[in-house]
Amino acid sequence: MTSTVQAAARTGAPAPPPPARGPHAETVARALLGVIAAGAGAVLWLWWQDTASIVGAAQWVTNGGRLFGLLAGYTAPVLVLLMARIPLLDRTLGSDRLARWHATGGRYMVGLVLTHVLLIVWGYSLTDRTGLVHQTTELVFHYPDLLKGTIGTLLLFTVGAVSARAARRRMRYETWYHLHLLTYLAIFLTFFHQLSNGAEFVRDPSARALWYGLYLGTGALILWFRFLVPVRDMYRHRLRVAEVRTEAPGVVSVFVIGDYLDELAARTRSGQFFRWRFLTPGLGWSANPYSLSAPPGGGYLRITVKEQGGHSGALARLRPGTRVLAEGPYGAFTADRRRSPKVLLLAGGVGITPLRALFETIPAAPGGLTLVYRASSAEDLVFGAELESIAAARGARLRFLLGPRSEVGEPLQARALLALLPDLREHDVYLCGPEGLVRTAREALDTAGVPARRIHHESFEL
Ligand SMILES: Cc1cc2nc3c(=O)[nH]c(=O)nc-3n(C[C@H](O)[C@H](O)[C@H](O)COP(=O)(O)OP(=O)(O)OC[C@H]3O[C@@H](n4cnc5c(N)ncnc54)[C@H](O)[C@@H]3O)c2cc1C
């Protein structure tokens with residue numbers, strides 16, 4: 001299988017045309033945060049206009065509990081929406097940023113729910129002059145939908161606990177992921193007590209309609225983007241493995257073919273990734289993210305994977321003809337992010353994959369594009385010949401930084417990068433590699449004066 005630029009290099013044909021610039025990520029981020037804040041403001045208004053004068057400690061505590069409950073009820077669908085894989089958000093902000101917001105918001109939400117529960121129990125016990133334990137039993141077993149709500153809340157706390165960094169590190173990714181799906185059940189179970197006990201919803205039918213709209217709209221978007229679109233794509237493209245090729249020790253490329261791939265290519269950009277589910281025993285249960293390591297459009301899709309564990313290690317044993325379900329494309333690590341004419345692509349290890357695809361297609365004049373690729377030995381380099389062929393075709397610079405750190409020191413220093421590119425601060429930098437390398441490179445780029453907004457990073461950890 002030959003990539004388009006390798007073909008172009010041989011025929012002398014021009015590189016693919018520059019893609020259109022998408023909306024600026026920071027503009028979308030600000031707009032989204034503005035919408036979320038406005039929604040929170042509307043929730044405060046809902047509480048305010050339904051709250052008459054507050055007299056005495058019991059009312060203050062109970063009303064505080066109501067407010068925290070409303071905010072938690074609003075946060076739940078917002079957090080789900082962030083992970084709904086809505087293309088506009090995913091392709092401008094990037095899945096990694098959305099996942100970070102989701103995780104941070106999740107921590108806030110656990111705090112909101114906990115405060116809500118404590119204040120409501122305390123406030124009701126002050127009003128009824130009963131003990132906290134008695135009041136808790138009373139609420140859980142005698143208020144409408146509160147038993148369901150309590151089970152949902154306990155599920156939510158369980159998901160929060162297993163998502164804490166320390167707990168998550170000790171768990172297999174798939175175990176954590178499947179436990180995390182319980183959040184949907186938790187949200188469903190807690191939904192009804194909000195409507196049957198929340199004073200603003202009991203009294204105001206338009207508030208009820210708004211709440212239903214928020215939750216049902218979120219459910220519809222999840223159903224569409226996370227389930228129906230992938231199933232539609234599965235039947236349309238009928239993807240299957242064509243070939244598995246060894247690239248380096250522990251690194252293989254998987255070539256995938258299918259029907260109407262030109263349609264898929266038209267909505268996919270170099271630098272993006274899919275979640276790949278290989279329908280073969282042992283692999284069908286997990287959908288792992290891998291970036292395209294060649295631009296889409298050559299009649300096949302190619303991923304290149306380094307063995308890290310069960311899923312990545314099993315790909316070397318895939319057989320031609322294995323059916324594939326590819327969910328995507330996702331991610332914002334594309335040419336749309338770049339803002340200046342000069343580009344530096346900085347890769348470490350298997351982080352070369354999205355950069356290999358970008359190296360071929362990101363618009364740049366001859367001399368305006370550089371790829372620096374750090375690997376611990378020549379044996380570990382992948383795509384060496386391909387990269388050289390692309391560099392020659394595009395008039396691009398290519399530097400391999402080889403050797404273990406114990407022997408060559410730290411090659412990603414500001415001084416070394418400036419020696420290679422004296423005008424480094426005029427570049428957009430695309431960075432992908434192991435976390436340690438990314439940290440070192442960021443420090444070097446910062447020292448060299450590259451503004452943070454020009455550094456674009458794809459993390460291989462979601
Ligand atoms: C956007 C993105 C693009 C990626 N592109 C590539 C690529 O082109 N080539 C490549 O070799 N690797 C890539 N990775 C990393 C790759 O997804 C993981 O190494 C692989 O999924 C590990 O799974 P495992 O079962 O082999 O190992 P495990 O030992 O099970 O997992 C190792 C670590 O990988 C992560 N991981 C595992 N499963 C998933 C999952 N389903 N979703 C998200 N993270 C998971 C977890 O952090 C886990 O701790 C990419 C990751 C992301 C997030």
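Residues numbered from 1 in each chain as written. Predicted model: local features only at pLDDT ≥ 70, side-chain atom pairs only at ≥ 80, totals over all residues. Heavy atoms only, no water.

Draft legend 1. Representation of the overall build of the protein. Tallying secondary structure elements over the protein gives 19 helices and 11 strands in all. Considered along the principal axes of its C-alpha atoms, the protein spans approximately 85 × 50 × 40 Å. Relative to its full complement of 462 residues, the protein shows a buried share of 48%. Excluding contacts between residues fewer than 6 apart, the proportion of contacts in the protein whose partners are at least 24 apart in sequence is 73%. When the accessible surface of the protein is totalled, it reaches about 22,300 Å², and 62% of it is carbon and sulfur. If you average the places of the 49 positive and of the 34 negative side-chain charges in the protein, the two averages end up 1 Å apart. (Helix = DSSP H or I, 4+ residues; strand = E, 2+ residues; numbered from the N terminus. Buried < 20%, exposed > 50% of the residue type's maximum accessible area, 1.4 Å probe, protein only. Contact = heavy atoms within 4.5 Å. Areas by Shrake-Rupley, 256 points an atom, 1.4 Å probe, with all protein chains shown as cover. Lys, Arg positive; Asp, Glu negative; His and termini not counted. Charge placed at Lys NZ, Arg CZ, Asp CG, Glu CD.)

Draft legend 2. Molecular detail of the sheet that holds strand 10 (residues 427-432). The five strands are arranged 9-8-7-10-11 in an open sheet whose pairing can be described as parallel. Either end of the sheet is taken by a strand with one partner, and the two such strands are strand 9 (397-402) and strand 11 (455-458). Taking the axes of each pair of neighbouring strands and ignoring which way they run, one obtains an average angle of 15° across the sheet. (Pairing = 2+ DSSP bridges. Axes fitted to C-alpha atoms, helices over the stretch in contact; angles between N-to-C directions.)

Draft legend 3. Molecular detail of the UniProt feature "transmembrane region" (unreviewed entry) in the protein. As annotated in UniProt, the feature "transmembrane region" (unreviewed entry) corresponds to residues 28-48, 68-88, 108-126, 146-164, 176-195 and 210-229 in the numbering used here. Helix makes up 100% of residues 28-48 and strand 0%, and the two end C-alpha atoms of the span are 30 Å apart. Taken end to end, residues 146-164 has its terminal C-alpha atoms 27 Å apart, with 95% of it in helix and 0% in strand. (UniProt positions renumbered as here; feature names shortened; annotations may be inferred.)

Draft legend 4. Expanded view of the packing of helix 5 (residues 95-128) against helix 7 (residues 146-163). Closest axis-to-axis distance for the helix 5/helix 7 pair is 10 Å, and the angle between their directions is 145°. Classified by chirality, the crossing of helix 7 by helix 5 is left-handed. Taking contact as the criterion, the partners of M109, V110, V113, L114 and V117 in helix 5 are, on helix 7, T153, L156, F157 and G160. Per-class residue counts for the contact of helix 5 with helix 7 are seven nonpolar, two polar and no charged. (Left-handed = near helix turned anticlockwise from the far one by under 90°. Nonpolar A, V, L, I, M, F, W, Y, C, P; charged D, E, K, R; others polar.)

Draft legend 5. Looking closely at the site of the ligand. Looking at the ligand, there are 21 residues lining it, with N288, P289, K306, S312 and T353 nearest. A287 places a main-chain nitrogen or oxygen 3.2 Å from a nitrogen atom of the ligand. For the ligand, a nitrogen atom lies 3.1 Å from a polar atom in the backbone of S291. When the free accessible area of the ligand is taken as 880 Å², the share hidden by the protein chains comes to 84%. Sorting elements by how many residues they give to the shell around the ligand places strand 4 (residues 288-291) first, with four residues. For the shell around the ligand, the class distribution of residues is nine nonpolar, 10 polar and two charged. (Near = heavy atom within 4 Å. Polar contact = N/O pair within 3.5 Å; in protein donor to acceptor, adjacent residues only side chain to side chain.)

Draft legend 6. Structural context of the packing of helix 7 against helix 10 (residues 182-197). Here helix 7 crosses helix 10 at 145°, and the two axes come no closer than 7 Å. When the axes of helix 7 and helix 10 are compared, the crossing they make is left-handed. In this structure, helix 7 contributes L146, K148, G149, I151, G152, T153, L155, L156 and V159 to the contact, and helix 10 contributes L182, T183, L185, A186, L189, T190, F192, H193 and N197. Each residue belonging to the contact of helix 7 with helix 10 can be placed in one class, and the counts come to 10 nonpolar, seven polar and one charged.

Draft legend 7. Highlighting the domain arrangement of the protein. Domain parsing of the protein yields domain 1 (25-232), domain 2 (238-330) and domain 3 (338-458). Look at where the C-alpha atoms of domain 1 and domain 2 centre, and you get two points 36 Å apart. Contact with domain 1, which involves nine residues of that partner, is made by 11 residues of domain 2. Taken together, the two surfaces of domain 1 and domain 2 that pack against each other cover about 830 Å², and 45% of this comes from carbon and sulfur. Area buried by domain 1 at its contact with domain 2 is led by R85, R91 and P230, which between them contribute 53% of it. Across the domain 1-domain 2 interface, the total number found is one salt bridge. Between R85 and E327 there is a salt bridge whose closest N-O contact spans 2.6 Å. Per-element accounting of the side of domain 1 that touches domain 2 gives the leading share, three residues, to helix 12 (residues 205-237). Partitioning the side of domain 1 that touches domain 2 into residue classes produces one nonpolar, two polar and six charged. (Domains from an automatic or database assignment. Buried area = accessible area lost by both parts, 1.4 Å probe. Salt bridge = Lys/Arg side-chain N within 4 Å of Asp/Glu carboxyl O.)

Draft legend 8. The arrangement of the layout of surface pockets in detail. Estimates place the volume of the second largest pocket at around 790 Å³. Lining the second largest pocket are 37 residues; nearest its centre among them are H116, V117, I120, L146 and H193. Counting only elements with at least two residues in the lining of the second largest pocket, the list comes to helix 3 (56-82), helix 5, helix 6 (132-142), helix 7, helix 10 and helix 11 (199-203). Considering each element in turn, the lining of the second largest pocket owes the most residues, nine residues, to helix 5. For the lining of the second largest pocket, the residue count by class is 22 nonpolar, 13 polar and two charged. (1 Å grid on protein atoms, 1.4 Å probe; cavity = no way out; pocket = protein on both sides within 12 Å on 5 of 7 lines; lining within 4 Å. Points joined across faces, edges and corners; volume = space filled by probe spheres on them.)

Draft legend 9. The UniProt feature "domain: FAD-binding FR-type" (unreviewed entry) in the protein, seen in detail. Taken from the UniProt record, the annotation "domain: FAD-binding FR-type" (unreviewed entry) applies to residues 234-336. Its end C-alpha atoms 27 Å apart, residues 234-336 is made of 15% helix and 38% strand.

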